[in-house]
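Summary of structural features
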Amino acid sequence: MKKTKLLFGIHSHQPVDNFDEVVYDAIDKAYKPFFQTLKLFPYLKCSVHFSGWLLEFIKKNDIELFSLMQKLSKQIEFFTGGFYEPILASIPSRDRIAQIKKLNHFIEENFHQIPAGLWLTERVWDDSIISDLSVCGIKYVIVDDYHLIANGTTSNLQGYYLTENNSQKIAIFPISKALRYSIPFYDIDSIENQLISFSTSSNGNNGAIIFDDGEKFGIWPQTHELCYEKGWLRKFFELCSSSNIIQTQTYKEFFESNNALGLVYLPTVSYEEMGEWSNLDIVHNQRGGIWKNFFIKYPQSNWIHKRILELSKKQLKDDHYLDCLYKAQCNDVLWHGVFGGIYLPNLRDNAYRYIIECENMLQAKEMEVLDIDFDGYDEYKLSNESLLAIIKPNYGASIVEFDIKDKNFNLLNSLTRKNENYHINIQSEPQTQDIEEIKTIHHNVLRLENDKQLYLDKYQKYSNLDHISDNSLSLENFKSNMFVEYSNFTNAIHKNISNNKPIFKCDGKLFDTKGQLIKSYSLEKNKLFCDISLVCECDENLVYANEWNLHFAMYDILKINDIYLTGDMTLNTKSLNIFDPYLNKNIKFEFEKEVKIFICKNYTVSQSESGLDYTIQHLSLLFVNNFSKELEFNFSVSVE
């Protein structure tokens with residue numbers, strides 16, 4: 001009789017410091033019922049990967065579930081990985097090794113296993129990681145069948161292949177996309193037929209390989225009802241336990257009892273959907289993009305990543321510093337596909353919390369000049385005991401990061417509104433889906449309610465940006481980013497004109513005439529000072545507008561000049577005070593003379609597991625001044 005070995009595994013992860021209620025919901029709806037169901041089938045073998053942070057959370061907060069996982073460890077193979085779920089190819093070698101060894105130690109201490117297999121975060125493959133995996137005792141990793149197909153290996157994907165780099169060897173198991181899309185969405189009879197189709201020999205030395213998100217079994221839309229209330233998972237385990245053809249095995253058992261199918265060399269690639277999401281040119285690049293393209297696609301992602309690389313270079317031999325560094329390396333915030341990723345402000349807040357905590361442990365210089373984001377231009381870091389400000393001379397001498405050190409909070413954690421390919425699929429009319437029609441979250445209906453707006457930005461939403469417009473500038477066209485712009489100062493390259501101070505000059509254009517802008521900064525205690533001088537040859541009466549984009553954790557509780565923020569605002573004042581009860585801080589702008597101020601919330605429209613998210617990213621402020629020929633605009637911003 002023909003047989004097949006089913007290599008069934010789940011991978012479960014939550015972003016570091018995700019909201020407690022989100023993690024508890026995942027435990028209740030997916031993780032705990034999965035293992036409670038597995039307990040009913042003591043002879044069923046499977047493989048499991050949980051990120052280290054999630055394992056720690058469960059051990060601390062749900063003893064019942066953690067004990068159950070320990071009791072089932074005899075039928076489970078635990079896979080390792082980076083403890084805080086980094087993209088391994090995106091972090092330095094020593095951090096990569098340290099994170100894997102940290103999870104290895106946790107698994108050995110709590111489950112009495114020495115991991116031989118590694119879950120490759122988001123299946124992002126690059127040959128550069130092989131040597132480090134070998135150092136950590138890893139014998140095999142999990143990729144997608146797409147990895148091999150992308151390199152032309154298509155004839156047999158029902159086992160493992162070997163690859164090497166720098167004389168180090170490692171085995172590669174390719175996940176079946178067909179199984180990934182059918183489990184748990186197809187009915188059990190269809191799954192049985194699909195698994196039987198893998199059987200080709202009497203000894204079952206071919207494998208049906210599936211290793212996918214544990215969240216598919218209870219968290220993805222309507223899957224809790226499907227898997228547990230309607231009993232899909234129990235029926236699936238019954239099939240696997242009773243079939244004469246299907247035999248479950250751990251990856252370790254299969255690896256030790258079967259030879260490799262051959263030698264392969266993989267391109268730098270992830271799973272097929274990730275290639276679509278990271279693609280920078282969907283017209284000409286048919287294969288898709290590589291994961292690191294997200295650093296090009298989203299400058300805010302690149303900034304977080306490169307700040308982490310900067311801090312890794314300055315690595316202290318301090319356990320707390322290293323743990324903060326590793327937590328900041330968590331992958332979720334750095335990309336975006338069907339999951340929120342970079343669009344989720346709380347994930348960016350979490351990354352900056354640990355970035356700033358690392359900064360607080362360093363011996364900060366008053367001013368440091370270095371190319372942080374790898375774009376070929378130096379940034380200027382101004383730092384004292386209270387604040388850290390980073391200036392980007394090649395983008396309007398704007399401010400890209402403004403940290404409140406005692407709160408580990410970046411006030412400029414903003415996000416630019418950009419066009420996404422899926423925006424063309426947004427529908428305005430509601431549609432219903434029957435559970436039987438649901439395949440995966442990749443097929444969610446995207447609907448934007450009629451009272452929501454999709455706006456796009458023409459420039460990066462940094463702060464202390466300079467605009468030249470006219471009297472048509474209004475709150476509404478500022479909000480929609482559709483106002484008239486007459487100069488190139490906003491994103492122009494500014495040059496430093498002082499040897500030891502952050503003073504920047506731009507010789508730009510205003511209409512067809514010459515203009516010059518000089519911008520200087522100084523940081524004193526809890527206050528940042530900025531002086532802006534503008535001269536031009538244009539005789540027109542114009543409007544100068546200075547833009548700031550401030551991020552807060554909560555917006556409904558903000559008070560602006562003692563008035564709760566309930567909607568868009570227009571003010572005329574010499575002093576603007578924003579009180580944030582969450583931070584328990586006053587952010588205060590003080591001007592030499594009265595200015596008109598536009599204030600509005602900026603929202604993004606992004607897809608997620610549930611469909612479509614409409615998210616407040618930051619509060620946009622515009623300080624408006626009329627001028628002709630010359631302008632002096634001096635102000636300070638303090639945090640008290």
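Since the structure is predicted, the reported quantities are computational estimates derived from the model, not experimental observations.

This part covers the overall build of the chain. Helix and strand counts for the chain stand at 17 helices and 26 strands. At 27 Å, the chain has a C-alpha radius of gyration in line with the 26 Å of a compact globule built from 640 residues. When burial is assessed residue by residue, the chain has 60% of its 640 residues classed as buried. In the chain, once contacts between residues fewer than 6 apart in sequence are set aside, the share between residues at least 24 apart is 70%.

Counting across every chain of the model gives 37 salt bridges. The residue Lys 102 makes a salt bridge to Asp 323 at a minimum N-O spacing of 3.9 Å. Remark: Asp 323 occurs in helix H15 (residues 319-328) and Lys 102 occurs in helix H4 (residues 93-111); sequence separation between them is 221 residues. Judged by relative accessible area, which is 30%, Lys 102 ranks as partly exposed. By relative accessible area, which is 22% here, Asp 323 ends up partly exposed. The salt bridge involving Lys 585 is made with Asp 406; its shortest N-O contact spans 3.0 Å. Of this pair, Lys 585 sits in strand E24 (residues 585-608) while Asp 406 sits in the loop between strand E13 (398-404) and strand E14 (409-410), placing them 179 residues apart in sequence. Connected through shared salt-bridge partners, Arg 307, Glu 310, Lys 314, Glu 359, Glu 368, Lys 381 and Glu 401 make up one network.

Here we come to the state of the cysteines. According to the stated counting rule, one finds 0 disulfides in the structure shown. Sulfur of Cys 324: no disulfide; nearest cysteine sulfur belongs to Cys 358 and is 5.1 Å away. Among the residues examined, Cys 324 registers a relative accessible area of 3% and is labelled buried. Residue Cys 506 stays outside any disulfide, its sulfur separated by 13 Å from that of Cys 536, the closest cysteine.

Between its first and last C-alpha atoms H4 spans 27 Å; for 19 residues at 1.5 Å apiece the expected length is 27 Å, and the two agree. Of all the residues in H4, the buried ones are Asp 95, Arg 96, Ile 97, Gln 99, Ile 100, Leu 103, Asn 104, Phe 106, Ile 107, Asn 110 and Phe 111. A positive backbone phi angle near 60 degrees is found at His 112, which sits one or two residues after H4.

Ranked by size, the top nonpolar core spans 127 residues in total, and within it Phe 8, Phe 34, Phe 35, Phe 50, Phe 173, Phe 217 and Phe 236 carry the most contacts. Among the elements that make up this core, the one with the highest residue count is helix H1 (residues 20-38) (8 residues). Setting aside its immediate chain neighbours within four residues, Phe 173 contacts Leu 7, Tyr 140, Val 141, Ile 142, Val 143, Gly 159, Tyr 160, Ile 209, Tyr 251, Phe 254 and Phe 255. Counting 57 residues, the second-largest nonpolar core is a separate cluster that includes Leu 412, Cys 538, Trp 548 and Leu 631.

Once that is clear, we can look at a negative patch on the surface. A cluster of acidic residues, Asp 531, Glu 592, Glu 630 and Glu 632, forms a negative patch at the surface. Structurally, Glu 632 can be placed in strand E26 (residues 630-639). Among the residues examined, Glu 632 registers a relative accessible area of 48% and is labelled partly exposed.

Both trends apply: most residues other than glycine have a negative phi, and most peptide bonds are in trans. Here Ile 183 and Pro 184 are connected by a cis peptide whose omega angle stands at 0 degrees. When you line up the elements, Pro 184 lands in the loop between helix H7 (177-182) and helix H8 (188-196). Backbone geometry at Glu 85 places phi at a positive 60 degrees, although glycine is not the residue there. Take Glu 85: it is sitting in the loop between strand E3 (76-78) and H4. Backbone geometry at Asn 584 places phi at a positive 55 degrees, although glycine is not the residue there.

Criteria and cut-off values
Residues numbered from 1 in each chain as written. Predicted model: local features only at pLDDT ≥ 70, side-chain atom pairs only at ≥ 80, totals over all residues. Heavy atoms only, no water. Helix = DSSP H or I, 4+ residues; strand = E, 2+ residues; numbered from the N terminus. Rg over C-alpha atoms; globule rule 2.2 N^0.38 Å. Buried < 20%, exposed > 50% of the residue type's maximum accessible area, 1.4 Å probe, protein only. Contact = heavy atoms within 4.5 Å. Salt bridge = Lys/Arg side-chain N within 4 Å of Asp/Glu carboxyl O. Disulfide = S-S within 2.5 Å. Expected span 1.5 Å × (residues − 1). Core = buried A, V, L, I, M, F, W, Y, C linked by side-chain atoms within 4.5 Å. Patch = residues over 30% accessible without salt bridge, like charges linked within 9 Å, V, L, I, M, F, W, Y side chains within 5 Å. Areas by Shrake-Rupley, 256 points an atom, 1.4 Å probe, with all protein chains shown as cover. Lys, Arg positive; Asp, Glu negative; His and termini not counted. Charge placed at Lys NZ, Arg CZ, Asp CG, Glu CD.

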